[in-house]
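The lines below spell out each chain.
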Number of protein chains: 4
Amino acid sequence: MKALVYKGPGQKAWEDVPNPVITRATDVIVKMDATTICGTDLHILKGDVPEVEVGRILGHEGIGIITEVGASVTQLVVGDRVILSCVSSCGRCSNCRQGLYSHCLDDEGIAGIGWIFGYMIDGTQAEYVRVPFAENSVYKIPEGMTDAEGILLSDILPTGFEIGVQYGQVNPGDVVAVVGAGPVGLSAVMTSRLYGPAKIVAIDLDSARLKRASDFGATDTVNSGDADWKEQVLALTDGAGVDVAIEAVGVPATFTMATEIVRPGGNVANIGVHGKSVDLKLNELWIKNIDISMGLVNTNTLGMLLKLVEQHKLPAEKFVTHEFSFDQMIEAYDVFGNAAKYDALKVLIH
Amino acid sequence: MKALVYKGPGQKAWEDVPNPVITRATDVIVKMDATTICGTDLHILKGDVPEVEVGRILGHEGIGIITEVGASVTQLVVGDRVILSCVSSCGRCSNCRQGLYSHCLDDEGIAGIGWIFGYMIDGTQAEYVRVPFAENSVYKIPEGMTDAEGILLSDILPTGFEIGVQYGQVNPGDVVAVVGAGPVGLSAVMTSRLYGPAKIVAIDLDSARLKRASDFGATDTVNSGDADWKEQVLALTDGAGVDVAIEAVGVPATFTMATEIVRPGGNVANIGVHGKSVDLKLNELWIKNIDISMGLVNTNTLGMLLKLVEQHKLPAEKFVTHEFSFDQMIEAYDVFGNAAKYDALKVLIH
Amino acid sequence: MKALVYKGPGQKAWEDVPNPVITRATDVIVKMDATTICGTDLHILKGDVPEVEVGRILGHEGIGIITEVGASVTQLVVGDRVILSCVSSCGRCSNCRQGLYSHCLDDEGIAGIGWIFGYMIDGTQAEYVRVPFAENSVYKIPEGMTDAEGILLSDILPTGFEIGVQYGQVNPGDVVAVVGAGPVGLSAVMTSRLYGPAKIVAIDLDSARLKRASDFGATDTVNSGDADWKEQVLALTDGAGVDVAIEAVGVPATFTMATEIVRPGGNVANIGVHGKSVDLKLNELWIKNIDISMGLVNTNTLGMLLKLVEQHKLPAEKFVTHEFSFDQMIEAYDVFGNAAKYDALKVLIH
Amino acid sequence: MKALVYKGPGQKAWEDVPNPVITRATDVIVKMDATTICGTDLHILKGDVPEVEVGRILGHEGIGIITEVGASVTQLVVGDRVILSCVSSCGRCSNCRQGLYSHCLDDEGIAGIGWIFGYMIDGTQAEYVRVPFAENSVYKIPEGMTDAEGILLSDILPTGFEIGVQYGQVNPGDVVAVVGAGPVGLSAVMTSRLYGPAKIVAIDLDSARLKRASDFGATDTVNSGDADWKEQVLALTDGAGVDVAIEAVGVPATFTMATEIVRPGGNVANIGVHGKSVDLKLNELWIKNIDISMGLVNTNTLGMLLKLVEQHKLPAEKFVTHEFSFDQMIEAYDVFGNAAKYDALKVLIH
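No experiment lies behind these values; they were computed from the predicted model shown.

Novice: Could you clarify how one ought to interpret the overall build of chain A in this entry?
Specialist: Helix and strand counts for chain A come out as 13 helices and 16 strands. Computed over its C-alpha atoms, the radius of gyration of chain A comes to 20 Å, within 12% of the 20 Å expected for a compact globule of 350 residues. Burial analysis of chain A (350 residues in total) assigns 63% to the buried set. If you take every contact in chain A between residues at least 6 apart in sequence, the share linking residues at least 24 apart comes to 69%. Counting only carbon and sulfur atoms, one obtains 50% of the accessible surface of chain A, whose full area is about 11700 Å². For chain A, the centre of its 27 positive side-chain charges and the centre of its 44 negative side-chain charges are spaced 1 Å apart.

And the structure:
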């Protein structure tokens, strides 16, 4: 089969590789219908994630048809069309029993982390994929749902919702600020609406992204390039700050921005993947009764979000700005890797 | 009357000042029976808290008898023996209605902070005190409770419980680590037991303090001066880390320690008052699904803790290591200011 | 002034009575702009609530202008336009400190119940009203909000939200059933949307009411007169039952219906005011891991709901089907008392 | 092998039956070391549970050694000493993913109920048992834990804790009342202490049982045969009622007692297995803001409780009043079936 293979820092190829085979009784094999590219894939390709071995097939998002099931699989059958969670979870370790799938202790013996696709094991940018712990890690797709509607459910939509909105404890009537209007930030914007906030304020340096944020549900936008950006945000509250500040970039400056606009008693929810430590102003914050959360998605809301997408309550297909076929994988990477140039948000490869 | 007056950085006096008078209908005047000294008072005296004006009477903890009540006070009468909360709360602003008394918006027009005694208004190290919003800020003491049993309820016991144990979300069966075995750390140790943890691990550099921690309820102690202190802590867990790490010192090193020993999915609760920012390793922590909380006490558990002290379920009197009369106020400061030398924990002045 | 006075079972009059005066330092006097009639008023008039004394002015909902303030009132001034909560709360008793305003222990010495207007003290169907504990019990109205938008916030909108939606713990993706499409049921329908449910199923015997429910946000309707009504409801779920069943009528049959359609692990939230006991099938339900809640509104979400109404996120004015002037009070009662005949939902008297 | 077989209403035998064999890849076979008898077993024997087929091996509690593992079992090995949960859970259905193991949808195709041992499939009063979904349903026993310490963890200790204490939301400082001082009531008494209540009041008709309750941790006892039992309970509170009332009998009278002693804003947690419906006084209770919970145990706290038993923080062995060998099974039934006569609480068969 063909797959997108990591060939070392700065190098990749869409090339022939052996088909995957079932290695555990809980595995299934899926023939991929659709996949996409995540910022993390770009990081791996740059060589920023040295634990990824040369030869690894990338990708952790996808939709496909089951072509083979392991010996102990009873709830899935050949022919089922399914969405793959980016997180593989055994469902029986102490972390999984608490819904902390992101820290599954039993993933293929790779203790302590639930995200293994395209990282520790071969991923989804391929014609076929072996899915470990399949009954705990895939979801059947309802009739009539398109690839564009479903593909974001593998990772980005649950990430924005669980790590941004739920960890941030958005409540009806809240003012929510989302710092960063890229894909994951927009996912937090879109899913914040599920908890009835009074305002969703998108903050970004790029006015084109802010315009898109309004289309995704932001009620207000603030350009963080403005000298008075902070005053603009506070003016949208009762003056005391936002109830929930969601960081969706992953650099120190944006995290600090989130801590500066939150009200006493409010929450900062970090979604961003950080490469550096940040200077936390505990000397100012210790007295503010705030809460700072962070984490890898558990995808334990994937099934629920799927229902809402099916009912057109979450227009998930809006994220897809460009479509490609599998043999255009390299072009897809080019477009996603130069998102600003192409005005791209997420690419759908199917 | 006599009171302990801040005379500028490094200077204080136990001197004659005018008696306080009622200025609002919701005030009461209390003749003090007992007070104590807090680390914050030492900070103010050093000049570290410049917003405190010269001439301010210090102290925010105390027990006394009501001698006068304002026009709208109906639930308290002259003669009631009461404990003063260190936090003054109006009970009607949007923050108070949510129990966020620490950020009362109406405190004497000093918007945004509930702690005003011995800081923004005259405090409790005096023979008489004016107590604003008295019906929301004092609690009647049960018959037979001693000063030593009650005095810690003004601040330190609720602080350890609310900001350490409750914000840290201690649950039955948890392994809890408390970094710092000073008064507030011991308060977290003692009140952690209310949520049935499996282990309470006290961590400190000073073995005398660790010994005392065992007496306050720590099941295990680790000396953080040991090169392998971290391994010792992890060995007390399943290897993954503690469920709740409570910081009770207020310096960058101890905060960082707390973030290093918490398990994925666990909580870091900061109680310490910090004078500097800290380097938060978000590059390592973003993926750990932890939660970092902090804040000023609300004392909304004061009434509940009072019941448990009354029933001898919390031996609050253990904190009092030295007792003084009011006219020994300066000696009391000397002992508390040199706590290590005198092996002092908390001083009772009555 | 003029007021609607209860004259004994079956009798009422719109007649001259003395103006109210301030009796406590925490009172204000409000000149009423608008009021409405509640089903409870009809019950009182029938004589079903014998503790209501002859001569009592009825009504517990209203909007008006403050004309006088008590001695300890500092946050409200003459001229403020305010909404009155149907619940009067002192803000300082142990129940109020927990947000359980419905069981304020200090209401005018009438221990244990927060609803006193038009019941234990004179109410709001009058030209002037004395409001006890005013700073805890009234909310300033934003500029430009109409009487029709604001009037439901006194009682019915918070009741549907707090006792139906919040006690029922509606979550994103849930299937919610509301049994009874009268005013309070429609209030639960409208405010359920704040928690992003997948479906809101209105259930009623009257198809006209079901039609209105759709207009208020119900995604599905089921006529409970149909022999297969229960099967129809279950067909809207995965077969196991609804996540949340909200009872909004107050008779045994509808309560039982709610317990029959809830899924294992789900919640039954009773809003209805019951006059009889009900037969609870604990022999069937004990194993279902359900939760049954009930209660009087606290109105601690009134301020939050006010913000959402101001932003036109909750079209509260839809409830008002008929408008009257104060001197048409008796006609207003006639229309509301014969709601089916006039197709009336709520009447606005202003 | 030998097993206790249900032979129809009123009849049982300890007789030879075929050894169990593995039928699914997720099964294990356990050689039983210890089992016990539950009130439910007596109900089945009476013929009260007609869905139990003649020939069924009874029992749903036990400890044993694994002698064989299914093809997909990777976390358990032959020789492991384990406790069996009374609830079998697949760990992958929508209910299990929420921790609602009591309503596992996939239990051997017996949709909707997690308790199947000794009910829908052969149980634990036997020399060998087949355990379905073993990796989700058994827990390894720490070195040195005795049968008497471990046996209650299969069912009764988690039941008292989850359905009584956790569903009842016991909090530090609460007054908790437990109606019924039989095994499951005492389990609620013992585990209530994990949440630091101020008082635990045991209520029963039998003074011998009340005496035992004190030994299990009750701070106060009330004999419900006393005419003023209710006044005695209220006198132990502030007069308003208990914070949490736990029903642990399963008859209408005791359930009604629980609803009569709970304070406004409090919780009623039903543990009892009811055979009849009860008359719920909604006409009095609708206004009390109480919450009524009920359900079958999930045993998702079994692992946590196991840790506390290991540390001797929960003296679980106290429940065992009589011990028997396997070939004394019939005698064991006789003693347990006449508990009052023998002053028996739980019997250990090993």
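Novice: Can you help me understand the relation of the copies chain B and chain A in this one?
Specialist: The relation between the two chain copies is a rotation about an axis coupled with a shift along that axis. When chain B is brought onto chain A, the operation consists of a screw motion whose angular component is 180° and whose axial shift is 0.0 Å, with 0.0 Å RMSD remaining. Here the symmetry operator amounts to a two-fold rotation axis. Both copies present the same face, since 100% of the interface residues in chain B are matched by interface residues at the equivalent positions in chain A.

Novice: Please explain the interface of chain B and chain A as it appears in this structure.
Specialist: The accessible area lost on association of the parts is a frequent measure of interface size. Contact residues are listed per partner, giving 37 residues for chain B and 37 residues for chain A. Taken together, both faces of the contact between chain B and chain A bury some 3000 Å²; the carbon and sulfur share is 61%. Summed over the three residues of chain B that lose the most area to chain A, namely Trp286, Asn289 and Met294 of chain B, the buried surface amounts to 24% of that side. In this assembly, chain B and chain A are joined by zero salt bridges. Our enumeration of links across chain B and chain A arrives at 18 residue pairs in polar contact (both at pLDDT 80 or more). Looking at the side of chain B that touches chain A residue by residue, the classes come out as 17 nonpolar, 14 polar and six charged.

Novice: Got a minute to help me understand the sheet that holds strand β5 (residues 81–84) of chain B in this structure?
Specialist: Sheet strands pair by backbone hydrogen bonding; their relative direction is either parallel or antiparallel. All names here are of chain B. Spatially, β6-β3-β4-β5-β7 is the arrangement adopted by the five strands of the open sheet, whose pairing is antiparallel. Edge positions in the open sheet fall to β6 (128–131) and β7 (138–140), since each of these has one partner strand only. If you compare each strand with its neighbour and ignore which way they point, the axes differ by 45° on average. Here strand β3 (residues 28–34) pairs with β6 via four bridges, running antiparallel. Each residue of the ladder has a partner; that of valine 28, found in β6, is valine 131.

Novice: Even after reading the chapter, I still don't get the pattern of salt bridges, so can you show me in this structure?
Specialist: Opposite charge on two side chains lets them pair, provided their charged atoms get close. Residue and element names in this part refer to chain B. According to the stated counting rule, one finds 64 salt bridges over all chains in the structure shown. One salt bridge in this structure joins arginine 56 and glutamate 53, with 4.0 Å as the shortest N-O distance. Between lysine 140 and aspartate 80 there is a salt bridge whose closest N-O contact spans 3.9 Å. Residue lysine 140 is located in strand β7, and its partner aspartate 80 is located in the loop between β4 (62–69) and β5; the two are separated by 60 residues in the primary sequence. Lysine 140 gets classed as partly exposed once you look at its relative accessible area, which sits at 47%. Its relative accessible area of 14% is what places aspartate 80 among the buried residues.

Novice: Is there a simple way to explain the interface of chain B and chain C in this structure?
Specialist: The partner chain C presents 14 residues to the 14 residues of chain B that form the contact. Carbon and sulfur atoms make up 36% of the surface buried where chain B meets chain C, a total of about 1300 Å² over both sides. Contact with chain C buries surface across chain B, with Arg92, Arg97 and Glu135 of chain B losing the most and accounting together for 45% of the total. In this structure, the connection of chain B to chain C is made through two salt bridges. Taken together, chain B and chain C are joined by 12 residue pairs in polar contact (both at pLDDT 80 or more). Within the residue set of the side of chain B that touches chain C, elements represented by two or more residues are α3 (134–137) and β7 of chain B. For the side of chain B that touches chain C, the element with the most residues is α3 of chain B, which contributes three residues.

Novice: How should I be thinking about the relation of the copies chain B and chain C in this particular structure?
Specialist: Once chain B has been moved 0.1 Å along the axis and rotated by 180°, it coincides with chain C to within an RMSD of 0.0 Å. A symmetric contact is evident, with 100% of the interface residues of chain B recurring at the interface of chain C.

Novice: What's the story with the packing of helix α5 (residues 156–166) of chain D against helix α6 (residues 183–192) of chain D in this structure? I'm lost.
Specialist: Angle between the axes and distance between the axes are the two parameters that describe a pair of packed helices. Residue and element names in this part refer to chain D. It is at 8 Å that the axes of α5 and α6 come closest, and there the two elements cross at 70°. The orientation of α5 relative to α6 falls into the category roughly perpendicular. Between α5 and α6 lies a crossing of right-handed hand. Between α5 and α6, the contacting residues are Ile156, Leu157, Thr159, Gly160, Phe161 and Val165 on the first element and Pro183, Val184, Ser187, Ala188, Met190, Thr191 and Ser192 on the second.

Novice: What is the right way to read helix α7 (residues 207–216) of chain B from this model?
Specialist: Each α-helix turn comprises 3.6 residues. Residues three or four places apart therefore point the same way. All names here are of chain B. All of the buried residues along α7 are Leu210, Arg212, Ala213 and Phe216. Along the long axis of α7, the arc covered by the buried residues comes to 160°, so they all point the same way. In α7, the exposed positions angled more than 90 degrees off the buried face are occupied by Ser207 and Lys211. Lining the buried residues of α7 we find α6 (183–192), β9 (199–204), β10 (220–223) and β15 (320–324).

Novice: Explain the packing of aromatic side chains to me, please; I cannot follow it from the model alone.
Specialist: What describes a pair of aromatic rings is the distance from one ring centre to the other and the angle between the planes of the rings. Counting across every chain of the model gives 18 aromatic pairs over all chains. Between tryptophan 115 of chain A and tyrosine 119 of chain A the ring centres are 4.2 Å apart and the planes differ by 5°, which places this aromatic pair in the stacked class. Accessibility classification places tryptophan 115 of chain A together with tyrosine 119 of chain A in one group, the buried group. Members of the aromatic cluster, connected to one another through ring pairs, are Phe161 and Tyr195 of chain A together with Phe161 and Tyr195 of chain C. Directly above the aromatic system of phenylalanine 216 of chain C lies the positively charged group of lysine 318 of chain C, at a separation of 5.8 Å from the ring centroid.

Novice: In this structure, what is going on with unusual backbone geometry? I would like to understand it.
Specialist: The bulk of non-glycine residues show a negative phi, and the bulk of peptide bonds are trans. All names here are of chain A. A positive phi angle is found at glutamine 169, which is not glycine, with a value near 55°. Within the secondary structure, glutamine 169 sits in the loop between α5 (156–166) and β8 (175–179). Looking at glutamine 169, the relative accessible area reads 46%, which means it is partly exposed. The phi dihedral of threonine 299 falls on the positive side, at around 55°, and the residue is not glycine. Structurally, the position occupied by threonine 299 is in the loop between β14 (291–294) and α11 (302–310).

Novice: Just checking my understanding: could you explain the side chain of serine 85 of chain D for this structure?
Specialist: Residues and elements named next belong to chain D. Among the secondary structure elements, serine 85 is positioned in the loop between β5 (81–84) and α2 (94–97). Of the residues examined, serine 85 reaches a relative accessible area of 1% and is grouped as buried. Among the polar contacts listed, one links the side chain of serine 85 to the side chain of threonine 299, at a separation of 2.8 Å. With residues near it in sequence (within four places) discarded, serine 85 still touches His60, Phe117, Ser137, Ser154, Thr299 and Leu302.

Novice: Teacher, can you tell me more about the sheet that holds strand β4 (residues 62–69) of chain C here?
Specialist: Residue and element names in this part refer to chain C. Read across the open sheet, the five strands follow the order β6-β3-β4-β5-β7; overall the sheet is antiparallel. Pairing within the sheet leaves two strands with one partner each, and these edge strands are β6 (128–131) and β7 (138–140). Averaged over all neighbouring strand pairs, the angle between strand axes comes to 45°, with direction disregarded. Here strand β5 (residues 81–84) pairs with β7 via three bridges, running antiparallel. Looking at the pairing, valine 82 lines up with lysine 140 of β7.

Novice: Explanation requested: the side chain of aspartate 41 of chain C in the structure shown.
Specialist: Locating aspartate 41 of chain C in the fold gives a position in helix α1 (residues 39–46). Here aspartate 41 of chain C is buried and forms no salt bridge, its nearest opposite-charge partner lysine 346 of chain C lying at an N-O distance of 6.9 Å.

Novice: Before we go on, may I ask you to explain α6 of chain B in this structure?
Specialist: Residue and element names in this part refer to chain B. In terms of burial, α6 is largely enclosed, as nine of its 10 residues are buried. Of the positions making up α6, those classed as buried are Val184, Gly185, Leu186, Ser187, Ala188, Val189, Met190, Thr191 and Ser192. Each element contacted by the buried residues of α6 is listed here: α5 (156–166), β8 (175–179), β9, α7 and β11 (242–247).

About the criteria used
- Residues numbered from 1 in each chain as written.
- Chains lettered and ligands numbered in written order.
- Predicted model: local features only at pLDDT ≥ 70, side-chain atom pairs only at ≥ 80, totals over all residues.
- Heavy atoms only, no water.
- Helix = DSSP H or I, 4+ residues; strand = E, 2+ residues; numbered from the N terminus.
- Rg over C-alpha atoms; globule rule 2.2 N^0.38 Å.
- Buried < 20%, exposed > 50% of the residue type's maximum accessible area, 1.4 Å probe, protein only.
- Contact = heavy atoms within 4.5 Å.
- Areas by Shrake-Rupley, 256 points an atom, 1.4 Å probe, with all protein chains shown as cover.
- Lys, Arg positive; Asp, Glu negative; His and termini not counted.
- Charge placed at Lys NZ, Arg CZ, Asp CG, Glu CD.
- Least-squares fit on C-alpha atoms with pLDDT ≥ 70 in both.
- Buried area = accessible area lost by both parts, 1.4 Å probe.
- Salt bridge = Lys/Arg side-chain N within 4 Å of Asp/Glu carboxyl O.
- Polar contact = N/O pair within 3.5 Å; in protein donor to acceptor, adjacent residues only side chain to side chain.
- Nonpolar A, V, L, I, M, F, W, Y, C, P; charged D, E, K, R; others polar.
- Pairing = 2+ DSSP bridges.
- Axes fitted to C-alpha atoms, helices over the stretch in contact; angles between N-to-C directions.
- Parallel < 35°, antiparallel > 145°, perpendicular 65-115°, else oblique.
- Left-handed = near helix turned anticlockwise from the far one by under 90°.
- Arc of directions from axis to C-beta.
- Phe/Tyr/Trp six-rings, centres within 6.5 Å; stacked < 30°, edge-to-face > 60°.
- Lys NZ or Arg CZ within 6 Å of the ring centre and 35° of its normal.

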